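A closer look at the structure
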Amino acid sequence: MGGRPTFERLVRRFYVGVADDPVLRPMYPEEDLEGAIQRLTGFLEQYWGGPGAYSEERGHPRLRMRHQPFKVNPDARDRWLAHMRVAVDELGLAPLQEGMLWGYLERAAMAMVNTFEE
């Protein structure tokens with residue numbers, strides 16, 4: 001995928017979209033925004049074969065558990081995916097890499113839905 005630099009670009013571009021999103025932005029406290037950026041970057045880097053620093057620092061990812069405090073409904077999922085789509089498109093990955101990455105991100109977003117309430 002391009003290693004950590006690719007995931008740093010992806011995640012930072014993603015959070016540019018989140019910054020103005022009225023549904024997603026409240027899920028990311030200002031004082032922890034850089035921490036959220038680093039955690040997502042590290043998670044993705046590790047997931048795609050990079051160093052295991054994420055798990056060494058935070059333990060098992062437990063994505064659903066970590067997102068449980070937040071209301072992740074289909075609208076939040078779709079907004080997350082829309083911002084991530086922009087970020088993925090800007091990477092300019094080869095089609096096979098882009099397809100693999102996007103497929104993973106879609107599945108992960110679907111798995112995070114924990115309510116159907118508005």
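Model, not experiment: these values are computed from the prediction. Residue positions are given per chain, counted from 1 along the sequence in the order it is written. At least 70 in pLDDT is required for a residue's local features to be given in this predicted model, at least 80 for side-chain atom pairs to be given and counted, and no such filter applies to totals for whole chains, interfaces and linings, which use all residues. Think of the side-chain values as coming from all heavy atoms in the structure, minus any hydrogens and water.

1. Considering the side chain of threonine 115
Worth spelling out the cut-off: Going along the chain from the N terminus, every DSSP run of H or I of four or more residues is numbered as a helix, and every run of E of two or more is numbered as a strand. Each residue is placed in one exposure class: buried if its accessible area under a 1.4 Å probe, protein chains only, is under 20% of its type's maximum, exposed if it is over 50%, and partly exposed if it falls in between. Residues adjacent in sequence count toward polar contacts only when both atoms are side-chain atoms; beyond that, a polar contact is any pair of N or O atoms within 3.5 Å, and within protein one must be able to donate a hydrogen and the other to accept it. We call two residues in contact whenever any of their non-hydrogen atoms come within 4.5 Å of each other.
By secondary structure assignment, the location of threonine 115 is in the segment after α6 (95–112). On the accessibility criterion, threonine 115 (14% relative accessible area) is buried. At a separation of 3.1 Å, a polar atom in the side chain of threonine 115 contacts the main-chain amide nitrogen of glutamate 117. With residues up to four places along the chain from it excluded, the contact list for threonine 115 reads Lys71, Val72, Asn73 and Pro74.

2. Notes on helix α1 (residues 3–19)
Rules: Here the expected length of a helix is defined as 1.5 Å per residue gap, with one fewer gap than residues. Our arc is simply the arc of the directions from the helix axis toward the C-beta atoms.
Along its 17 residues, α1 runs 25 Å from first to last C-alpha, staying within 8% of the 24 Å computed at 1.5 Å per residue. Every buried residue of α1 is listed here: Thr6, Phe7, Leu10, Val11, Phe14, Tyr15, Gly17 and Val18. Each buried residue of α1 lies within a common arc of 155° when the element is viewed along its axis, so the set occupies one face. Where the residues of α1 are buried, they touch α2 (33–47), α5 (74–91) and α6.

3. A few points about the nonpolar core
Heads up, the condition is: Each nonpolar core is a collection of buried residues, namely Ala, Val, Leu, Ile, Met, Phe, Trp, Tyr and Cys, held together in the definition by side-chain atoms within 4.5 Å.
Within the largest apolar cluster, 30 residues are counted, with the highest numbers of intra-cluster contacts made by Tyr15, Tyr28 and Met84. For this core, the elements supplying multiple residues, two or more each, are α1, α2, α5 and α6. Counting residues per element, this core draws most heavily on α5, at seven residues. In contact with tyrosine 28, other than residues within four places in its own chain, are Phe14, Tyr15, Val18, Leu33, Ala36 and Trp80.

4. Looking at the side chain of glutamate 45
Here glutamate 45 is to be found in helix α2. Classification of glutamate 45 by relative accessible area gives buried; the value is 15%. Contact partners of glutamate 45, with chain neighbours within four places excluded, come to Arg4, Phe7, Gly50 and Pro51.

5. Some remarks on the packing of aromatic side chains
Basically, it comes down to this: To pair, rings of Phe, Tyr and Trp, with the six-membered ring standing in for Trp, must have centres within 6.5 Å; the planes then decide the type, stacked if under 30 degrees apart, edge-to-face if over 60, and tilted in the middle. To sit over a ring, a charge needs its Lys NZ or Arg CZ within 6 Å of the ring centre and within 35 degrees of the ring normal.
Inspection of every chain in the model, using the stated rule, returns eight aromatic pairs. Following the ring pairs from residue to residue traces out a cluster consisting of Phe43, Tyr47, Trp48, Tyr54 and Tyr104. Over the ring of tryptophan 102 we find arginine 85, and its NZ or CZ is 4.3 Å from the ring centre.

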